Amino acid sequence: MSRAFLGLLILAALIVPEWGPYSFDQQDIAQALATPSMKHWFGTDALGRDLFTRIFYGARISLWIGFMSATLAFILGSCLGMLGAYFGKLVDSLLMKAIDIIAIFPSTLMAILFSLVFGRGVFGILLALTLTTLTAPTRLSRALSLQIKQQEFIQAAWAMGATPWRILLRHLIPNIRQALLSAWILQVSTNMMAEGFLSFLGLGVQSPACSWGTLAHEGVSFLQSYPHLIVFPSLVLLTTSLALQNLEPS
Amino acid sequence: MYILKKILGSILSLFAVSALTFFLVRVAPGGPFDTDTLYPAEIKNLILEKYGLNQAVSTQYWLWIKDSVRGEFRESFQYLGQSVSSILWPSLQKSSLLGGISLFIAWVGGVILGACSAAKKGSLLDRMIFWMTAIGMSLPSYLTATLLILVFSIHLQWFPAALWGGAPFLVLPTLTLSLRPLGVITRYTRRSMIEALSSNYIRTAYAQGVPHWRIIFIYALRNSLIAPVAALGTLGTHLVSGSFLVENVFQIPGLGRHFVMAALNRDYPLLMAATLIYGVILIAFQGGSDFLLAMIDPRIQAADTESLS
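Calculation rules
Residues numbered from 1 in each chain as written. Chains lettered and ligands numbered in written order. Predicted model: local features only at pLDDT ≥ 70, side-chain atom pairs only at ≥ 80, totals over all residues. Helix = DSSP H or I, 4+ residues; strand = E, 2+ residues; numbered from the N terminus. Buried ≥ 20, exposed ≤ 12 C-beta atoms within 10 Å, placed from the backbone. Contact = placed C-beta atoms within 7 Å. Axes fitted to C-alpha atoms, helices over the stretch in contact; angles between N-to-C directions. Parallel < 35°, antiparallel > 145°, perpendicular 65-115°, else oblique. Left-handed = near helix turned anticlockwise from the far one by under 90°. Expected span 1.5 Å × (residues − 1). Bend = angle between axes of the 7 residues up to and from the residue. Core = buried A, V, L, I, M, F, W, Y, C linked by C-beta atoms within 7 Å. Nonpolar A, V, L, I, M, F, W, Y, C, P; charged D, E, K, R; others polar.

1. With respect to the overall build of chain B
The secondary structure content of chain B amounts to 14 helices and 0 strands. Overall, chain B shows an N-to-C arrangement of helices and strands of α-α-α-α-α-α-α-α-α-α-α-α-α-α. With the principal axes as the frame, chain B shows a C-alpha extent of 85 × 60 × 30 Å. Counting every position in chain B, which comprises 309 residues, the buried fraction comes to 39%. Pairs at least 24 apart in sequence give 76% of the contacts found in chain B among residues at least 6 apart.

2. Some remarks on the packing of helix H4 (residues 84-119) of chain B against helix H13 (residues 268-296) of chain B
Residue and element names in this part refer to chain B. Relative orientation of the contacting elements H4 and H13 amounts to 40 degrees, with a least axis distance of 10 Å. With respect to H13, the axis of H4 lies oblique. The handedness of the crossing between H4 and H13 is right-handed. Residue-level contacts link Val84, Ile87, Leu88 and Leu92 of H4 to Pro269, Leu270, Ala273, Ala274 and Ile277 of H13.

3. Brief notes about the interface of chain B and chain A
Residue-level contacts link 31 residues of chain B with 29 residues of chain A. Looking at the side of chain B that touches chain A, the elements with two or more residues in it are helix H1 (2-27), helix H5 (124-138), helix H6 (141-155), helix H11 (232-249), helix H12 (255-265) and H13 of chain B. Counting residues per element, the side of chain B that touches chain A draws most heavily on H1 of chain B, which supplies 7 residues.

4. Looking at H11 of chain B
Residue and element names in this part refer to chain B. Here H11 is 18 residues long and its end C-alpha atoms lie 25 Å apart, about the 26 Å a rise of 1.5 Å per residue gives. At serine 243, H11 shows its strongest bend, of approximately 25 degrees. Extensive coverage of H11 is indicated by the burial of 16 of its 18 residues. Positive backbone phi, at 55 degrees, marks glutamine 251, one or two positions downstream of H11.

5. Structural notes on the nonpolar core
Judged by nonpolar contacts, the single largest core of 122 residues is most densely connected at Ala111 and Ile112 of chain A together with Ile185, Leu245, Leu271 and Ala274 of chain B. Aside from chain neighbours lying at most four places away, what touches isoleucine 112 of chain A is Leu203 of chain A together with Val260 and Ala263 of chain B.

6. Comments concerning the packing of helix H4 (residues 107-118) of chain A against H1 of chain B
Across the interface, H4 of chain A lies against H1 of chain B with an axial gap of 8 Å and an inter-helix angle of 30 degrees. One element, H4 of chain A, and the other, H1 of chain B, form an angle in the roughly parallel class. Viewed along their axes, H4 of chain A and H1 of chain B form a crossing whose handedness is left-handed. Of the residues in H1 of chain B, those in contact with Leu113, Leu116 and Val117 of chain A of H4 of chain A are Thr21, Leu24, Val25 and Val27 of chain B. Here the contact of H4 of chain A with H1 of chain B is composed, by residue class, of 6 nonpolar, 1 polar and no charged.

7. Digging into the environment of threonine 163 of chain A
All names here are of chain A. One can find threonine 163 in the loop between helix H7 (152-159) and helix H8 (164-200). Threonine 163 gets classed as exposed once you count the C-beta atoms within 10 Å, which come to 10. Taking C-alpha positions, threonine 163 is 20 Å from serine 141, a pair spaced 22 residues apart along the chain.

Interpretation note: all reported values are geometric properties and have no functional meaning in isolation.
Below is the structure:
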């Protein structure tokens, strides 16, 4: 079910904004704030832009940021964690100190700072999310590697004269891969939500481009009279996040 | 020795965070007095001189460190004539109240829900709690907030929709803020409770005829508290980030709102002070979690000091 939903979502995100009847930034003031109908399935926003199209256009940005930031953080973090576990001593304590510093840096703070430096948009938010999520994979891969390092089969491999690369690639990575992958899937969902959160605060993706958070941000001022503007994009985010959480990596 | 090391490390982290923030906001385009275009250049220079903004950034940072160590915070740029502490102190109280109540709900509620769902593993209750927490963790907090406002303040008119006042004003913001952490803590407790329940000493207790609820809440709970206590550090980050949104949506004049406004207005003294406060809060969460862990399970402290030395 989760797979089917995510597959459909990605397909729709690719197709709807390209070949749908409307484009994501096409305005039609006469049709502004229309409620859902046959012509506009999810209604239109304050500028008469079709919400259905915008949601699937936003899917590209939301999914992309969630996926990229989590993936980059996991690749970098796993390497750092393994490095720390392998070298130990000074390298390890310096690395962990750096991670501790990042950990006390709230992601919102970092996103605000990066949005000031790089301008509001996809790049700043991607960088901020990647950096702030670096802590979890680093700690996880370090802990797992330390655990495995002490086990007999690794010591046996050392004793038989295996090179560090061989131990890393043939023994360490296959043994910690599964745990890292399950944490990665959850991180994609978390980061996607974090992007929505930041864009909702007005710190992320800016109009006319949009992510699901931007759409909610634009919709919140019409909460009383046109709740569909905030409910539809948020429900899509909710369903996607649930689907990601139920996805077992294989 | 262990505590001394921790404190020293925390001070170092605060230094690093303050330096990062200080230099990053200076690198960002725009300054605090850019909007005052009406003034001629000489007056502008005088303003910059008054606030020490015409010096090199590194000198400014050094001066700021000296002031901070002495516990002196300068005047805010945006609120003329008001010291940073007089602005931040009342807002910190509001945010702490909000965060404290949410933390309590999330942690105590999460441990109880997690324990119940582990005790009745596989039952209808377990599945219901699973789906509730799944939705709670996936629900974007802005949707929670807006739905709560729509239902409870616009339609039912039970609670006020925004601003700050007595207890009724606290209900919707704390609900919004605690929902996600509640799910996280429930999951952690459930997992470690199930693990604890499968251990030998629990089987022995059952064999001796100890009642089920007593085993859950007395025998197994202590050992399954390790995961939710260790999660306190992450919980702190959740609450701090969440407070930005909640204070924004519910128009609460708390620390998070001041922080965002200060960053956008380039109000450096206010921003730096708020950053420090956040740093201290998050360190306290992490430190408190480490301390509690060592109290619950003495083996943890021993292991930690070993790996440090």
